[in-house]
Amino acid sequence: MYNIVLFGPPGAGKGTQSEKLIEKYGLTHLSTGDLFRKHLGEGTELGQLAKKYMNEGRLVPDEVVIGMVEDKINETKDARGFIFDGFPRTTAQAEALDEMLSHHKLQINGMIALDVPEEVLRVRIKERGKTSNRVDDQDDEKINTRIKVYLDETLPVADYYASQSKLQKINGVGEINQIFNDITSVIDSY
Ligand code: ADP
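Predicted model, so just to flag it, every value in this text is computed and none were measured. (Residues numbered from 1 in each chain as written. Predicted model: local features only at pLDDT ≥ 70, side-chain atom pairs only at ≥ 80, totals over all residues. Heavy atoms only, no water.)

I keep staring at the pairing of strand S3 (residues 81–85) and nothing clicks. Help me out?
It is a general feature of regular strands that their side chains alternate between the two faces of the sheet. Counting buried residues in S3 gives 5 out of 5 residues, a clear majority hidden from the surface. Of the strand pairs in this sheet, strand S1 (residues 2–7) and S3 are connected by 5 bridges, and their pairing is parallel. If you follow Ile4 over to S3, its bridge partner there is Ile83. As paired strands, strand S2 (residues 28–31) and S3 are joined by 4 bridges and run parallel to one another. Of the residues in S3, the one forming a bridge with Leu30 is Phe84. (Buried < 20%, exposed > 50% of the residue type's maximum accessible area, 1.4 Å probe, protein only. Helix = DSSP H or I, 4+ residues; strand = E, 2+ residues; numbered from the N terminus. Pairing = 2+ DSSP bridges.)

Dropping the structure here:
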């Protein structure tokens with residue numbers, strides 16, 4: 001049973017690597033971005049609420065995100081573990097996650113952080129924007145906001161796990177399979 005936080009800036013490749021990890025380890029993927037986009041697509045109340053934040057590249061308020069993750073964890077029975085992707089994105093979310101997992105007698109094994117330089121992120125996000133239909137992928141101002149929010153609010157989450165000796169950094173530039181192998185080496189050492 002592994003519970004892993006896959007961490008990194010927007011465009012780092014978390015979604016791509018998550019897909020491969022799910023296949024290899026049979027874990028449940030919990031991507032808050034994907035969950036919000038599903039709500040948006042279905043036009044739920046939660047989707048309506050999240051929409052303005054997402055489209056501007058700002059963070060959805062912690063209590064909204066935390067409630068959604070808690071529901072997802074509670075409704076997933078017999079999970080072999082979770083890959084958390086895009087969550088936690090603030091220190092408050094990280095604390096809430098530890099608290100939620102402790103109710104199920106679980107904990108985070110480790111955080112794997114994908115390291116990708118800002119110039120590369122910008123190129124990748126714009127490229128994805130051509131096909132993703134994501135409003136937040138398509139203009140420089142929104143991409144700038146997302147990178148700034150990441151640096152200001154999300155980067156401290158890495159310190160939170162580092163202080164528990166749970167942080168491992170991986171080079172996120174290169175062949176997808178090479179990066180995947182580096183990630184699996186970390187997971188296999190847990
Ligand atoms: P990316 O990693 O490419 O920026 P995501 O798909 O993870 O994108 O998230 C898209 C948007 O959804 C974020 O910009 C934010 O508005 C919202 N979001 C996703 N996860 C969270 C979270 N944990 N806390 C707050 N907002 C979130």
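Can you help me understand the site of the ligand in this one?
In the vicinity of the ligand lie 19 residues, with Thr32, Arg37, Arg58, Gly86 and Gln93 positioned nearest. Contacts to the ligand include Gly86, whose backbone N or O atom sits 2.9 Å from a nitrogen atom. With respect to the ligand, the side chain of Gln93 contributes an N or O atom lying 2.9 Å from a nitrogen atom. Taken by itself the ligand offers 550 Å² of open surface, and the protein chains cover 97% of this. Of the pockets mapped on this structure, the ligand occupies the largest pocket. Among the elements of the structure, helix H2 (32–42) and helix H3 (45–56) are those that each provide at least two residues to the shell around the ligand. Among the elements that take part in the shell around the ligand, H2 stands out by supplying 4 residues, more than any other. Taken together, the residues of the shell around the ligand sort by class into 8 nonpolar, 4 polar and 7 charged. (Near = heavy atom within 4 Å. Polar contact = N/O pair within 3.5 Å; in protein donor to acceptor, adjacent residues only side chain to side chain. Areas by Shrake-Rupley, 256 points an atom, 1.4 Å probe, with all protein chains shown as cover. 1 Å grid on protein atoms, 1.4 Å probe; cavity = no way out; pocket = protein on both sides within 12 Å on 5 of 7 lines; lining within 4 Å. Sits in = over half its atoms within 2 Å of the grid points. Nonpolar A, V, L, I, M, F, W, Y, C, P; charged D, E, K, R; others polar.)

How should I be thinking about helix H7 (residues 140–162) in this particular structure?
Turn by turn, an α-helix covers 3.6 residues, leaving residues three or four places apart pointing in a common direction. Helix length check: H7 (23 residues) gives 31 Å between terminal C-alpha atoms against 33 Å at 1.5 Å per residue, within 8%. Of all the bends in H7, the greatest measures close to 45° and is centred on Leu151. Ile143, Arg146, Ile147, Val149, Tyr150, Thr154, Val157, Ala158, Tyr160 and Tyr161 are the residues of H7 that are buried. Elements in contact with the buried residues of H7: S1, helix H5 (91–103), strand S4 (110–115), helix H6 (118–132) and strand S5 (167–171). N-cap assignment for H7: the residue whose side-chain oxygen lies 3.1 Å from the backbone N of Glu141 is Asp139. (Expected span 1.5 Å × (residues − 1). Bend = angle between axes of the 7 residues up to and from the residue. Contact = heavy atoms within 4.5 Å.)

Which parts of the structure should I look at to understand the layout of surface pockets?
Counted as a void, the largest pocket has a volume near 1,000 Å³. Taken together, 50 residues make up the lining of the largest pocket; nearest its centre are Pro10, Lys14, Arg89, Arg128 and Arg134. Mapped onto the lining of the largest pocket, the elements with two or more residues apiece are S1, helix H1 (14–25), S2, H2, H6, H7 and helix H8 (176–188). The biggest single contributor to the lining of the largest pocket is H6, with 6 residues. Classifying every residue of the lining of the largest pocket by side-chain character gives 20 nonpolar, 17 polar and 13 charged. Space inside the second largest pocket adds up to approximately 250 Å³. Around the second largest pocket sit 17 residues that line it, and Pro9, Leu114, Asp115, Tyr150 and Leu155 are the ones nearest its centre. Those elements that place two or more of their residues in the lining of the second largest pocket are S4, H6, H7 and S5. (Points joined across faces, edges and corners; volume = space filled by probe spheres on them.)

Looking at this model, I keep getting lost on the UniProt feature "binding site: AMP" (unreviewed entry) in the chain. Mind explaining?
Per the UniProt record, the feature "binding site: AMP" (unreviewed entry) sits at Thr32, Arg37, Arg58, Leu59, Val60, Gly86, Phe87, Pro88, Arg89, Gln93, Arg134 and Arg146. What stands out for the annotated residues spanning 115 residues is how far apart their C-alpha atoms range, the widest pair being 24.2 Å apart. Of the annotated set named above, Thr32, Arg37, Arg58, Leu59, Val60, Gly86, Phe87, Pro88, Arg89, Gln93, Arg134 and Arg146 line the largest pocket. Mapped onto the fold, Pro88 is located in the loop between S3 and H5. Under the relative-accessibility criterion, Pro88 is labelled buried at 2%. Setting aside anything within four residues of it in sequence, one finds Pro88 in contact with Val5, Phe7, Gln93, Ala94, Leu97, Val157 and Tyr161. Among the residues examined, Arg134 registers a relative accessible area of 16% and is labelled buried. Filtering out sequence-adjacent residues up to four positions away, Arg134 remains in contact with Arg37, Arg128 and Arg146. (UniProt positions renumbered as here; feature names shortened; annotations may be inferred.)

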